[in-house]
Amino acid sequence: MALALSCHPIPTIAVTAISAGLAALAGVPPGRAILLVAAVFAGQLSIGWSNDAIDAARDRATARADKPVASGVVSPRTVGVVAAVALLLAVVLSLALGWAPGLAALTVVACGWAYNLGLKGTPASFVPYAIAFGILPAVATLAAPNPAWPAPWAMVMGALFGVSAHLANVLPDLDDDLDTGVRGLPHRMGARATAVACPILLAGACLVVLLGTSGGAGIGQIAPWRWIAAAALVLLAAAGVVAALRRPAGRALFLIVIVTALIAVALFAVSGQALI
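Thresholds applied
Residues numbered from 1 in each chain as written. Predicted model: local features only at pLDDT ≥ 70, side-chain atom pairs only at ≥ 80, totals over all residues. Heavy atoms only, no water. Helix = DSSP H or I, 4+ residues; strand = E, 2+ residues; numbered from the N terminus. Buried < 20%, exposed > 50% of the residue type's maximum accessible area, 1.4 Å probe, protein only. Contact = heavy atoms within 4.5 Å. Areas by Shrake-Rupley, 256 points an atom, 1.4 Å probe, with all protein chains shown as cover. Polar contact = N/O pair within 3.5 Å; in protein donor to acceptor, adjacent residues only side chain to side chain. Phe/Tyr/Trp six-rings, centres within 6.5 Å; stacked < 30°, edge-to-face > 60°. Patch = residues over 30% accessible without salt bridge, like charges linked within 9 Å, V, L, I, M, F, W, Y side chains within 5 Å. Salt bridge = Lys/Arg side-chain N within 4 Å of Asp/Glu carboxyl O. Axes fitted to C-alpha atoms, helices over the stretch in contact; angles between N-to-C directions. Parallel < 35°, antiparallel > 145°, perpendicular 65-115°, else oblique. Left-handed = near helix turned anticlockwise from the far one by under 90°. Expected span 1.5 Å × (residues − 1). Arc of directions from axis to C-beta. Core = buried A, V, L, I, M, F, W, Y, C linked by side-chain atoms within 4.5 Å. Nonpolar A, V, L, I, M, F, W, Y, C, P; charged D, E, K, R; others polar.

Engineer: Give me the lowdown on the overall build of the protein, citing residues and values where you can.
Structural biologist: If you tally the helices and strands in the protein, you get 13 helices and 0 strands. Helices (α) and strands (β) of the protein occur, in sequence order from the N terminus, as α-α-α-α-α-α-α-α-α-α-α-α-α. When each of the 276 residues of the protein is scored for burial, the buried share is 50%. For the protein, restricting intrachain contacts to residue pairs at least 6 apart in sequence, the fraction spanning at least 24 positions comes to 75%. Carbon and sulfur atoms form 72% of the exposed surface of the protein, whose accessible area is close to 11,800 Å².

Engineer: For the side chain of threonine 194, give the residues involved together with the corresponding values.
Structural biologist: Inspection of the secondary structure puts threonine 194 in helix α11 (residues 191–212). A residue is classified by how much of its surface remains accessible, and threonine 194, at 0% relative accessible area, is buried. Only 3.2 Å separates the side chain of threonine 194 from the backbone oxygen of proline 186, close enough to count as a polar contact. The residues touching threonine 194, leaving out its near neighbours within four places in the chain, are Leu167, Leu171, Pro186 and Met189.

Engineer: So what's going on with the side chain of lysine 67? Which residues, and what values?
Structural biologist: Checked against the element boundaries, lysine 67 lands in the loop between α4 (56–61) and α5 (76–96). Here the side chain of lysine 67 touches aspartate 52 through a polar contact of 3.3 Å, side chain to side chain. Contacts of lysine 67, omitting those with residues within four sequence positions, involve His8, Asn51, Asp52 and Asp59.

Engineer: Any chance you could break down the packing of aromatic side chains for me, citing the residues and the numbers?
Structural biologist: Aromatic rings considered in pairs are described by the distance between their centres and by the relative angle of their planes. One pass over the structure, following the stated rule, counts 2 aromatic pairs. Judged by centre distance (5.2 Å) and plane angle (85°), the rings of tyrosine 115 and tyrosine 129 are edge-to-face. Separated by 14 residues along the polypeptide, tyrosine 115 in helix α6 (residues 99–116) and tyrosine 129 in helix α7 (residues 127–142) bring together distant segments of the chain. Both residues of the pair, tyrosine 115 and tyrosine 129, belong to the buried class. Among the aromatic residues, those joined into a cluster by ring pairs are Tyr115, Tyr129 and Phe133.

Engineer: Report on the environment of arginine 247, specifying residues and quantitative values.
Structural biologist: Turning to its location among the elements, arginine 247 is positioned in the loop between α12 (224–246) and α13 (252–271). Along the chain, arginine 247 and alanine 195 lie 52 residues apart, while their C-alpha atoms are 9.9 Å from each other.

Engineer: Go over a nonpolar patch on the surface, please, and point to the residues and values.
Structural biologist: A cluster of nonpolar side chains, contributed by Leu95, Trp99 and Leu103, occupies part of the molecular surface with about 350 Å² of accessible area. Topologically, leucine 103 is positioned in helix α6. Accessibility expressed as a relative area gives 46% for leucine 103, which makes it partly exposed.

Engineer: Describe the packing of α7 against helix α8 (residues 152–170), with residues and values.
Structural biologist: Direction vectors running N to C along α7 and α8 enclose 140°, while the axes themselves pass 7 Å from each other. Of the possible angle classes, the one that applies to α7 and α8 is oblique. Seen from above, α7 lies across α8 with right-handed handedness. Residues Tyr129, Ala130, Phe133, Gly134, Ile135 and Pro137 of α7 form the contact with α8, whose participating residues are Ala154, Met155, Gly158, Ala159, Gly162, Val163, Ala165, His166 and Asn169.

Engineer: Can you lay out α5 for me, pointing to particular residues and giving the numbers?
Structural biologist: An ideal rise of 1.5 Å per residue puts 30 Å on 21 residues; α5 measures up with 30 Å between its terminal C-alpha atoms. When α5 is considered as a whole, its buried residues turn out to be Val79, Val82, Ala83, Ala86, Ala90, Leu93 and Ser94. The arc that holds the buried residues of α5, viewed along the axis, is 105°, so those residues lie on one side. Turned more than 90 degrees off the buried face of α5, the exposed positions are Arg77, Val85, Leu88 and Val92.

Engineer: Kindly report on the nonpolar core, identifying the contributing residues and their values.
Structural biologist: Judged by nonpolar contacts, the single largest core of 52 residues is most densely connected at Val28, Leu36 and Leu136. If we ignore the near neighbours within four places in the chain, the residues touching leucine 136 are Val15, Ile18, Ser19, Leu22 and Val108. Ile47, Val69, Val79 and Val82 belong to the second largest nonpolar core, which has 14 residues in total.

Engineer: Please give an account of the packing of helix α3 (residues 30–54) against α5 that cites residues and values.
Structural biologist: α5 packs onto α3 with a crossing angle of 155° between their chain directions and a minimal axis gap of 7 Å. By the angle between their axes, α3 is roughly antiparallel relative to α5. As for how α3 packs across α5, the hand of that crossing is left-handed. Residues Arg32, Leu35, Ala38, Ala39, Ala42, Gly43, Leu45, Ser46, Trp49, Ser50, Asp52 and Ala53 of α3 form the contact with α5, whose participating residues are Pro76, Val79, Gly80, Val82, Ala83, Ala86, Leu87, Leu89, Ala90, Leu93, Ser94 and Ala96. Within the contact of α3 with α5, the residues separate by chemical class into 17 nonpolar, 5 polar and 2 charged.

This is how it looks when you write it as structure tokens:
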């Protein structure tokens, strides 16, 4: 149970679920889709576990009760070992997909590890999230029967969601991070600016979804249901900024980002628009 909590289960499951949805939208055959999802899942496990192993001293210094390593339930060495095993498994499973989708999947993993190993404390802390979420659709489209890079709008949308997720994920821990010397982009922006920027990026991603899945239709030709869906997503983003401004230390905004991303994948599905 302690190891399960140390893998950062919510983002791990969310990113894996998004990859499954993208694989379905890209038309990846079932057997190959299972391999893809397993590769992404292993990679996310390695990222979550490595984060807790690397940050063990910082988490203990700030008495993080939500971190099993910090509370002494599991040792940093144990978490580090399972992170390494998960990383090796991610490499094997990813390359089993083929060089192109495999390297795309491993780029996502490399971004997570780069963040954990030091980028989180620099002004470029958002870059790994932007690259990882931006290239995630490519893992699916490059693994499809007719491999191709995803449409630019899909990658832009992913990058915007990624940066938004970064801001929302860091927001509750800003003070603890500052106390232990971590100064990423959100820490330099401050809690209020971070809370406002996150839903703005979410709204931008929603607009990209709306226009990207419209099949090239002009603004006046976009179906009413798309506007309703976009409005709902924007309202969800607005709820996020209200929640963050009222309680910056809460996790509500991060959960809203994840839910919005899953809704966006569902919007792809009902739109019938290809990712390529």
